[in-house]
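Below are the chains, spelled out letter by letter.
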Amino acid sequence: MPPKADKLQQNIESIKSFLNRKLPEYNELREVITKVNKIEALLSEKKLTLQIVGDEEKLIQAMFDLISKNPEFTQGYKIKYDLIPELPKETQSEFLSILKLVNFIDNEINVIQEITLDTNQVYTFGRNPDLNLVLDGNIYKGVSWQHAEINTVIDEKGISKWQIKDLNSSNGTFVNSQKINSNFILNSGDIITIAHPHYQDKFACYYFSEETVNDDNINNPYYDVIDCDVLLLVSTYNSYKSHSIEIFLKTLNIEMMSKQFLIMDLDIQEEEKNLETVISECETWLEAQNFEYKIDFFPVLLTPYYQEDYQGNLSKPMQKRLDKFIKGLGNVIKRQPENLLAKRLNAQLIPLITPLESILVKEDEELKHKINHFQSKLQEMTKQNWKDITKSVLGEVKEDKDKFFKQIKTDLTQAKASILDNFSKRSIISQIQNFVDDLQPIIFKKEGQPYVKLSPKQGNINTDLNQIIIQFSTSTMENWALKEWDKILNIYSNGGLNGLLMRSYERTNIIPNLFSESPFHEPSSLDVKNNFLISFMGIDSDVRHKQVSMAGYIMKTIRSNLMQIMMMATLVFAILGQKVGKNEMFAQLSGVFKQFPFLLGLGVFALIFFLTTSYNQDNNLKLEEAAEKLKKEVSSYYQSLSKNLLEKVIQDINLTLEYEANRIDNSLQNIQESYTEYIIEQEKQQISIKANLDLFKEKEKNLSKEITEFKKLIRT
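No experiment lies behind these values; they were computed from the predicted model shown.

1. Things to note about the overall build of the protein
Check the secondary structure of the protein and you find 18 helices and 19 strands. When the 716 residues of the protein are sorted by exposure, 41% land in the buried category. Surface summary for the protein: the accessible area is close to 41700 Å², and the carbon and sulfur share equals 50%.

Okay, structure coming up:
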């Protein structure tokens, strides 16, 4: 096989090998493979294609008959004929803007949706089902109702461009990992991510590309005519300068041709026309056209081949001209025709496979995108040393927790001391003392005997004092306990327990999307009522009042004060200068009272008044003494009871605090486990990503070699 044909065969085999490798990935290559197989079949036939074309069918048919009668030509040529075709219309390239919704499955890009953008439309992303780019909120995270918008804009050069803008979404719109804050002009290859800077599972990702589509008019008859190795243009001496032939020759695409002939029929009817003059005029015209290619001119007589009743024989000059043409046409297939065939088939092959370069380039871009994506993802995953960070965070949270509960115990001890402080008006001791001090003593009969009891000033005498004081003590202690618990929850030690839990969550919530809600439980409520549901043993709130009768008190008073009265009387008489004895003194007094009877009444009245007043004062004093003694006993008892209740309440608070501390420890343990699972999963992903990166880099290296080899194939 000649060198050019042999080289073409090798190239075809290489191209077929490449296409078969890519066929599983690109099904559209099946049609290309079919066309390459046809080219290979034509090469193996080793027949040149001879195209007869002209502006008159009889001349075309005559030339076909002339050539077909030669066995050498029928064996060496595949002959076809047509009238001169119209030139194909100029084609324009069409630019397509394509938006692809993609995700990664097993680290491979998977196209979920592909949209060819229409410049007359505005495209809006969002969860709103009425939009033209709907993103299901159950599938994709962070998508707003109307998230972002894509529309066309005319730039300063008058070129239409696609731009994207964020519609004040909650989580933002990103192009190539950069958040956009205003209109952003898109370029082919841009990556758009919704609500996240990088592609992540459950976040929407779009790939924007611009492609050029050419309409090659491949089915136009003109291309079928020029698809030949040898072109024979047949004309008459009158028509070779016609507009159609002139335009056809001037615009002729000879890329696939190896030889061009202009055959002029010398059937000259006008006697005044000289044969040599006609031939000379045609040759002069051909030279004047200055074609970019060589065209061989053969004037021959074709009349015998299209005139049925032609009886004459060709003159020697005409036969000689015809033989010269036959020889020239025969020389084409004698001098390595496979090389001529290879030229045409190679010209067919190049445009057929040239678009495949875009496939390789696209594949190379996708590989680079994958590599950049996974490198970015790996960089994002490795820029934080989560082992050290989580260990440090958990240590800080535990330290803060320990300090908090230690401080709470101190604060609770101070609160306990404050409520038991005898010198504080707010202490439970003072409150009980004030409550008891406000009670008033009341005398009542019980079993016929007088008793003293304590009772509220406005209360019912039958009210149970123990019940009142117990209710007062328990309600006071419950209110104190609840207020202290509220302080523990919200005030003590920098915001209380709620503040600790909030700080702990803020510190531990360092890994995005790891916790959908706080891993720490809300503090439980304090229940101290059980301490007050038990039956309390009260204290006797009354005491028997030993009250002396009026007569008895008078007799007792007179007996105890008789000597004093006698001494006072003796003193009076002594002052008056009289010395009398006991009997005389009574006799004189009797005489005075007889003389002045009103003095006796006055004396008796004074004595009764004095004794009654003294009796009442003495009785009230004893009542007060009994009441004070009773108040002291009641106060002391219920102060002791309150202290006992306080100890139980504080014990409940401490138990609840211990329970909360254990809950925090359990939450921290769960957080540690979540951290560990995340870190292990991250390490697995990093190993997988590194393996894929190595695989993709190896693929990219091999693909670069394929692109280089492919470009060599195109050049050869």
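Once the structure has been displayed, the description carries forward.
2. Here's the deal with the nonpolar core
Ranked by internal contacts, the top residues of the largest apolar core, which has 60 residues, are M63, L232, F325 and L329. Take this core: its biggest share by element is eight residues, from helix α11 (residues 356–382). Among all residues touching L232, those that are not within four sequence positions of it are L50, Q51, I52, V53, M63, I67, F261, I263, F325 and L329.

3. Overview of the side chain of S504
Relative to the assigned elements, S504 resides in helix α15 (residues 492–508). Assessed through its relative accessible area of 2%, S504 is described here as buried. Excluding residues within four positions of it along the chain, S504 makes contact with V397 and F520.

4. Focus: the pattern of salt bridges
Within the structure shown, the criterion is met by 24 salt bridges. Of the charged contacts, one joins K487 and E484 as a salt bridge, the two residues approaching to 3.7 Å between their closest N and O atoms. Linking K487 with E484, this pair stays in helix α14 (residues 465–490), spanning three residues, or about one helical turn. Look at K487 and you get partly exposed, because its relative accessible area is 32%. Through salt bridges with shared partners, one network takes in D227, D229 and R344.

5. Focus: the packing of helix α12 (residues 386–419) against α14
Where α12 meets α14, the closest approach of the two axes is 11 Å, and the angle between their N-to-C directions is 150°. Our classification of the angle between α12 and α14 gives roughly antiparallel. Note on packing geometry: the crossing formed by α12 with α14 is right-handed. The residues of α14 that touch α12, namely those facing F404, I408, L412, A415, K416 and I419, are M477, W480, E484 and I488. A class-by-class count of the residues in the contact of α12 with α14 yields eight nonpolar, no polar and two charged.

6. Structural notes on the environment of E484
The class for E484 is buried, based on a relative accessible area of 4%. Residues E484 and D411, spaced 73 residues apart in sequence, show a C-alpha to C-alpha distance of 9.6 Å. If we ignore the near neighbours within four places in the chain, the residues touching E484 are L412, A415 and Y492. Reaching out from E484, the side chain makes a polar contact with the side chain of Y492 at a distance of 2.8 Å.

7. Side note on the pairing of strand β7 (residues 148–154)
Look at any regular strand and the pattern is simple: side chains alternate between the two faces of the sheet. Strand direction decides the pairing type here: strand β5 (residues 123–126) and β7, joined by three bridges, are antiparallel. Bridging from a neighbouring strand, F125 pairs with A148 of β7. Between the antiparallel neighbours β7 and strand β8 (residues 160–166) lie five residues, among them G158 with a positive phi of about 80°.

8. So, unusual backbone geometry
Here N168, not a glycine, exhibits a phi torsion of approximately 55°, which is positive. Structurally, N168 is set in the loop between β8 and β9 (173–175). Phi is positive for N290, which is not a glycine, with a value near 50°. If you trace the backbone, N290 turns up in the loop between α7 (275–289) and β16 (296–300).

9. Let's talk about the sheet that holds strand β1 (residues 48–54)
Taken together, five strands build an open sheet; the order of strands is β2-β1-β14-β15-β16 and the sheet is parallel. Of all strands in the sheet, those with a lone pairing partner are β2 (77–83) and β16, marking the two edges. Neighbour to neighbour, the strand axes of the sheet diverge by 20° on average, direction disregarded. As judged from the five bridges shared by strand β15 (residues 259–265) and β16, these two strands associate in the parallel manner. Bridge pairing in β16 links D265 to V300. Against the sheet, helix α3 (residues 57–68) contacts β1, β2, β14 (230–236) and β15, and its axis sits at roughly 170° relative to β2. In the packing of helix α9 (residues 316–334) onto the sheet, the strands contacted are β1, β2, β14, β15 and β16, and the crossing angle to β16 comes to about 140°.

10. Points about the sheet that holds β8
A sheet is described by the order of its strands in space; here five strands give the open sequence β6-β5-β7-β8-β11, paired in mixed fashion. Two strands close off the open sheet at either side, each with one partner strand: β6 (133–134) and β11 (184–185).

11. Regarding the packing of aromatic side chains
Within the structure shown, the criterion is met by 17 aromatic pairs. One aromatic cluster in this structure is built from Y222, Y223 and F248.

12. Observations concerning the pairing of β16
With five of its five residues buried, β16 lies for the most part within the structure. Side-chain alternation along β16 places D296, F298 and V300 on one buried face and F297 and P299 on a second face that is also buried.

13. Looking at the environment of L232
Residue position: L232 is located in strand β14. Assessed through its relative accessible area of 0%, L232 is described here as buried.

14. Thoughts on α9
The terminal C-alpha atoms of α9 lie 26 Å apart, and with 19 residues this matches the ideal 27 Å at 1.5 Å per residue to within 8%. Among all positions in α9, only M318, L322, F325, G328, L329, G330, V332 and I333 are buried. Q336 sits one or two residues past α9 and shows a positive phi near 45°.

15. Notes on the environment of N498
Turning to its location among the elements, N498 is positioned in helix α15. In this structure the C-alpha to C-alpha distance between N498 and P523, which are 25 residues apart in sequence, comes to 7.3 Å.

Calculation notes
Residues numbered from 1 in each chain as written. Predicted model: local features only at pLDDT ≥ 70, side-chain atom pairs only at ≥ 80, totals over all residues. Heavy atoms only, no water. Helix = DSSP H or I, 4+ residues; strand = E, 2+ residues; numbered from the N terminus. Buried < 20%, exposed > 50% of the residue type's maximum accessible area, 1.4 Å probe, protein only. Areas by Shrake-Rupley, 256 points an atom, 1.4 Å probe, with all protein chains shown as cover. Core = buried A, V, L, I, M, F, W, Y, C linked by side-chain atoms within 4.5 Å. Contact = heavy atoms within 4.5 Å. Salt bridge = Lys/Arg side-chain N within 4 Å of Asp/Glu carboxyl O. Axes fitted to C-alpha atoms, helices over the stretch in contact; angles between N-to-C directions. Parallel < 35°, antiparallel > 145°, perpendicular 65-115°, else oblique. Left-handed = near helix turned anticlockwise from the far one by under 90°. Nonpolar A, V, L, I, M, F, W, Y, C, P; charged D, E, K, R; others polar. Polar contact = N/O pair within 3.5 Å; in protein donor to acceptor, adjacent residues only side chain to side chain. Pairing = 2+ DSSP bridges. Phe/Tyr/Trp six-rings, centres within 6.5 Å; stacked < 30°, edge-to-face > 60°. Expected span 1.5 Å × (residues − 1).

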